[in-house]
Amino acid sequence: MRRVFFDLYIETPTVFDEWSNLVSKTVNASILASLLVVGTPFAAVSQTKTAEIACGQPYMVVRGDTLSQISFRAYGTSVFAALYRANAETIGRNPNLILVGQNLQVPCLEGEIAAATAPVPTSTTIEPGSDAPTVTASATENLVFTFNKTSAPKFIMNDGIIDYYLAEIADVTEGRVQFIDPPVMNRDPKAQFELVTSGAVDGTYLFNGYLDASHPLLQLPMIPLMGGSAEQTAVSLWNLHANYLADTDYFDDAKVMGFVAAPAAHIWRLSSQPVELDAGVADLNNYAVPYFEGLDTRGPAAVRAENEMQLMAQNEEVNGTLTFFMAHGAARAAGVWTEDRTVTEVDYGLYTPTFSVILSNEAWRQISPADQAAIEAISGEYLAHRSASWDAFDNGHRRHMLDTGLNVVKASPALLAELEEVSQVRIADWVAQADAMGIRGQEAVDAYQADLDALQDRLIFR
């Protein structure tokens, strides 16, 4: 199967600051004025705040604020668990949501913030029957780990999912386990797994498409019709992992905390040349937009210019339309969406990108059993449901494009049947690989598809 890469989602701050500006000019201003939903399309309008916030007095939330920004301005760190704890009753159970006009308490926490960056003493013991030392921290010690992030700070992967997950870890462990950025952020998406297993950083998230050789069973959502919404796919993949894949040793070299997914990719072609049956559309991503290299600093404007050059060279009206597989937001940012192009939406997707959130085994061993249990309670399926923020983000772009003339058609039953035929061939290969690893492959696929079906109401088009 041709590997199709993920749609303009992992880039540098330059890229997503520009994308954020694009979104901020088009999102409904009346909604923004009344409500800020952190981790939805509206989070993209967040403006950089530079003025310091004095502790010990209330702070009123204004448009564009996030808890991480407020914490950074007050304490010099974006880790906002202490700020959230102080305002949990005001904010509610969902730290993804703060309201314009809310009064938040900003307590003076110099001692707590200092402890978050202090060296952590540990004790080393040898487990009976083992040559390997087990490092264990006492319940009163603060553990501070590094977590590398390939995407830009304000992008939905961080601002709407990972930042809140890491803050919640600090919350449920009462500050005993906290995560900070490494001194230098490594944005190479292909390097993330080795960063953790080598000990360069303690945790990261990594695009599973780059693990196709070492972790082929994580590629199931990359098969046509085997994904869907971000939330739908992430939850189903976690259940597959927990019930089947975890029985193997394929991830013994790191601790898998959970999965995050992005919305599925759809088919973009000239409206005058719609998708035709028997054209092998599942393999027709004949110009993959170059966006997934984490060190690429060209930005959407440069990507759009490159796409325009490719389209001019193709002369689609004469030589036939190019076919793009992209989610809605990616198509908009990359300039693929134009008034003369139609998107054929496939609810379960041509492919659905997923990410593994991992910690090093060494870091995990340092955490006390009680705190491990508390962290696992907000990981796994709980973390997978956070992918709904990505659905809302992408759906916001879709709503804008619909309001401004996007041509949309739904995949016909005949097209779906064609995609299903391709899917079954690739699923058979997946089952064979699973069987070879001692997993009941067909049973695992059936369970995964049943989970997808059970979560159909999580599709983003709502």
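Scroll up for the structure.
Let us look at the structure shown here. Please read all numbers here as calculations on a predicted model, not as lab measurements.

## Overview of unusual backbone geometry
Even without a glycine there, the phi angle at Asp278 is positive, about 60°. A positive phi angle, near 50°, is found at Asn315, a position not held by glycine. Mapping Asn315 onto the fold places it in the loop between helix H10 (299-314) and helix H11 (316-319).

## Observations regarding the packing of helix H17 (residues 413-436) against helix H18 (residues 441-454)
Where H17 contacts H18, the axes come no closer than 8 Å and their chain directions differ by 125°. Taken together, H17 and H18 sit at an angle that is classed as oblique. Between H17 and H18, the contacting residues are Ile427, Trp430, Val431, Ala434 and Asp435 on the first element and Gly441, Gln442, Ala444, Val445 and Gln449 on the second. Tallied by class, the residues present in the contact of H17 with H18 amount to 6 nonpolar, 3 polar and 1 charged.

## Quick word on the state of the cysteines
As enumerated under the stated definition, the model contains 1 disulfide in all. Between the sulfur of Cys55 and that of Cys108 lies a disulfide, 2.0 Å long from S to S. Between Cys55 and Cys108 the sulfur-sulfur dihedral comes to about 85°; the bridge is accordingly right-handed. Note that Cys55 is positioned in the loop between strand E1 (36-37) and strand E2 (57-60) and Cys108 in the loop between strand E4 (103-106) and helix H6 (110-116), a separation of 53 residues in sequence.

## With respect to the packing of aromatic side chains
On inspection of all chains with the given rule, the structure shows 12 aromatic pairs. Measuring from ring centre to ring centre gives 5.5 Å for Phe155 and Phe393, while their planes differ by 90°; the resulting arrangement is edge-to-face. In this pair, Phe155 sits in the loop between strand E7 (143-148) and helix H7 (156-172) while Phe393 sits in helix H16 (residues 388-403), placing the two residues 238 residues apart along the sequence. Residue Phe393 is classed as buried on the basis of its relative accessible area of 5%.

## Let's talk about the environment of Ala377
Following the sequence through the fold, Ala377 ends up in helix H14 (residues 369-377). Separated by 205 residues in the primary sequence, Ala377 and Val172 have C-alpha atoms spaced 9.3 Å apart.

## Some points on the packing of H7 against H16
Contact geometry of H7 with H16 gives a least axis separation of 9 Å together with a crossing angle of 150°. Judged by the inter-axis angle, H7 sits roughly antiparallel to H16. Handedness of the crossing formed by H7 with H16: right-handed. For the pair H7 and H16, the contacting residues are Ile156, Met157, Gly160 and Ile161 in the first and Ser389, Trp390 and Phe393 in the second.

## Brief notes about the sheet that holds strand E8 (residues 177-180)
One open sheet accounts for 5 strands, arranged E8-E7-E9-E14-E10; its pairing is mixed. Edge positions in the sheet fall to E8 and strand E10 (255-261), since each has one partner strand and no second. Mean inter-strand twist for the sheet, computed between neighbouring axes without regard to direction, equals 25°. Looking at chain direction, strand E9 (residues 203-207) and strand E14 (residues 354-359) are connected through 5 bridges and run antiparallel. Its bridge partner lying in E14, Thr204 is registered against Ile358.

## Concerning the nonpolar core
Of all hydrophobic cores here, the largest spans 81 residues; its most connected members are Tyr165, Leu240, Val357, Trp390 and Trp430. Considering every element that reaches this core, the biggest residue donor is H7, with 7 residues.

## A few points about the pattern of salt bridges
A full pass over the atoms with the stated rule returns 13 salt bridges. A salt bridge links Arg341 to Glu316, with the nearest nitrogen and oxygen atoms 2.9 Å apart. Of the two residues, Arg341 sits in strand E13 (residues 341-345) while Glu316 sits in helix H11, which places them 25 residues apart along the sequence. Glu316 carries the same exposure label as Arg341, and that label is buried. One salt bridge connects Arg440 with Glu443, and the closest N-O pair in it is separated by 2.8 Å. On the accessibility criterion, Glu443 (38% relative accessible area) is partly exposed. What you see here is one network of salt bridges that share partners, running through Glu345, Asp347, Arg398 and Lys410.

Parameters and conventions
Residues numbered from 1 in each chain as written. Predicted model: local features only at pLDDT ≥ 70, side-chain atom pairs only at ≥ 80, totals over all residues. Heavy atoms only, no water. Helix = DSSP H or I, 4+ residues; strand = E, 2+ residues; numbered from the N terminus. Axes fitted to C-alpha atoms, helices over the stretch in contact; angles between N-to-C directions. Parallel < 35°, antiparallel > 145°, perpendicular 65-115°, else oblique. Contact = heavy atoms within 4.5 Å. Nonpolar A, V, L, I, M, F, W, Y, C, P; charged D, E, K, R; others polar. Disulfide = S-S within 2.5 Å. Phe/Tyr/Trp six-rings, centres within 6.5 Å; stacked < 30°, edge-to-face > 60°. Buried < 20%, exposed > 50% of the residue type's maximum accessible area, 1.4 Å probe, protein only. Left-handed = near helix turned anticlockwise from the far one by under 90°. Pairing = 2+ DSSP bridges. Core = buried A, V, L, I, M, F, W, Y, C linked by side-chain atoms within 4.5 Å. Salt bridge = Lys/Arg side-chain N within 4 Å of Asp/Glu carboxyl O.

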